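# Structural characterization, general
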Amino acid sequence: MIINGNMAVHQRADTDTHNDKAVDRYVLVKNNLDTADFTTKHQVITDNPPFSDALEIKCTTADTSIGANELIRIRMRLEANTLQRLQYGSSTAKSSTLSFWVKSNLTDTFSVALTTQDGTSQNIGNTFTIAQANTWQKVVWNIPGNTSGTINNDNGNGMMLVWGLAVGSNFKGTANTTWGTNSDARNLTGHTANIASSTSNNFYLTGVQWELGDVATPFEHETYAENLARCQRYFVMDKAGTAYKRYLQGVCTTATWTECLYYYPVTMRAQPSLGSSGTNGHYLIEVNSGASAAPSEAPSRSSHSDTTNCIVNLRVSGSTLTTGANCQITSYNTTSGYLSYDAEL
């Protein structure tokens, strides 16, 4: 049920490069912070075989006193139709086991929780204590079946899985070790660690696996290609790996407008939004006649796009294109450009 549990896929950011979504399917969420800040990175590791990748969170600006409404957590959202095997909301609801590997310099108590999202809003939580600083340890959580809370069978946000890193008092205090109606006070009860207390603090996560039954089996490793394909249902990054990368091919529909077609590597969860570097000069329109033109605005997505392909439009100022001519969109002497397709939950 977990995608990219070994943290190997990181389309948005290179290794050791900050991005709150550095590792696919995971995001560092920071609510109502006063001063604290963090880096979120993919890292290569050698100290926890057979895992070679991890999500790294490091404090860069400290806040020794977390306010009641402050909350720092790692979040993953799970597509509802992938969770139907749990049979929640029925008398045959299945028990399951979540396991993962963590490492931190803080020998303190952290939290983990599940919240159903697009059916009945309920949650359940647990805590774990780092037994030895800077040492990988496996955490196993046996989760009872939920006979009362339902999960819709659709492509929406069926479940939210979070790991607490710093938790204000508004988000803990009410017992949450059994399924119950979701509330702020039930979110991450029992959490005491504050990753923001010092710029020396860190938290590492890898080997996340959620399976039916009451036993944590060895981590099921996929090939990188299989893992990447599952991530690409939610996000596709097409980076300019070379200075003149060819992104797309299409046609000049007018003297100022192009339409280029991109087929996603896999069927996406929903019609994605189109992203780009935000700098028009990172892109170039080349026409088969040999002419070229710089776009006058960022790439846009046609309303005729769907979950299998995207029609990307680019506009130029002035009538510099040839109507009906074939064209291609390339990067323009830079590796900073990209086109991204985002269907995240």
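Quick look at the structure, then. Everything numeric in this text was worked out from a predicted model, so none of it was measured. (Residues numbered from 1 in each chain as written. Predicted model: local features only at pLDDT ≥ 70, side-chain atom pairs only at ≥ 80, totals over all residues. Heavy atoms only, no water.)

## Details of the pattern of salt bridges
- A complete count under the given rule lists 11 salt bridges for this structure.
- A salt bridge links Arg-25 to Glu-344, with the shortest nitrogen-to-oxygen separation between them at 2.5 Å. Here Arg-25 is found in the segment before strand E1 (27–31), whereas its partner Glu-344 is found in the segment after strand E21 (338–342), with 319 residues between them in sequence.
- With a relative accessible area of 7%, Arg-25 lands in the buried category. (Salt bridge = Lys/Arg side-chain N within 4 Å of Asp/Glu carboxyl O. Helix = DSSP H or I, 4+ residues; strand = E, 2+ residues; numbered from the N terminus. Buried < 20%, exposed > 50% of the residue type's maximum accessible area, 1.4 Å probe, protein only.)

## Considerations on the sheet that holds E1
- Strands sit in the order E1-E4-E9-E6-E7-E10 across an open sheet of six strands; the sheet is antiparallel. This sheet does not close on itself; its edge strands, each paired only once, are E1 and strand E10 (180–181). (Pairing = 2+ DSSP bridges.)

## Section: the side chain of Asp-118
- As for its placement among the helices and strands, Asp-118 is situated in the loop between strand E6 (109–116) and strand E7 (122–129).
- The buried charged residue Asp-118 lacks any salt bridge partner; its closest oppositely charged side chain belongs to Arg-269, at an N-O distance of 8.3 Å.
- Dropping the residues within four chain positions of it, Asp-118 is found in contact with Ala-80, Ile-151, Asn-152, Asp-154, Gly-156, Asn-157 and Gly-158. (Lys, Arg positive; Asp, Glu negative; His and termini not counted. Contact = heavy atoms within 4.5 Å.)

## As for the packing of aromatic side chains
- Taken as a whole and judged by the stated rule, the model has 14 aromatic pairs.
- Each ring, one from Phe-110 and one from Phe-203, has its centre 5.1 Å from the other, and the planes form 45°; the classification is tilted. Remark: Phe-203 occurs in strand E11 (residues 202–212) and Phe-110 occurs in strand E6; sequence separation between them is 93 residues.
- Classification of Phe-110 by relative accessible area gives buried; the value is 0%.
- An aromatic cluster is present here, built from Tyr-26, Phe-100, Phe-110, Phe-128, Trp-163 and Phe-203 joined pairwise through their rings.
- One residue, Arg-25, lies across the ring of Tyr-234, its end atom 3.8 Å from the ring centre. (Phe/Tyr/Trp six-rings, centres within 6.5 Å; stacked < 30°, edge-to-face > 60°. Lys NZ or Arg CZ within 6 Å of the ring centre and 35° of its normal.)

## Brief notes about unusual backbone geometry
- The peptide bond linking Pro-49 to Pro-50 adopts the cis configuration, its omega dihedral lying at 10°.
- On the secondary structure map, Pro-50 appears in the loop between strand E2 (37–44) and strand E3 (53–61).
- The backbone of Asp-16 shows a phi angle near 65°, a positive value even though the residue is not glycine.
- Here Asn-32, not a glycine, exhibits a phi torsion of approximately 60°, which is positive.

## Concerning the state of the cysteines
- Counted under the stated rule, the structure contains zero disulfides.
- Note on Cys-260: no disulfide assigned, nearest cysteine sulfur contributed by Cys-327 at a separation of 4.1 Å.
- Classification of Cys-260 by relative accessible area gives buried; the value is 1%.
- A disulfide-free cysteine, Cys-310 has its sulfur positioned 10 Å from the sulfur of Cys-260, the nearest such atom. (Disulfide = S-S within 2.5 Å.)

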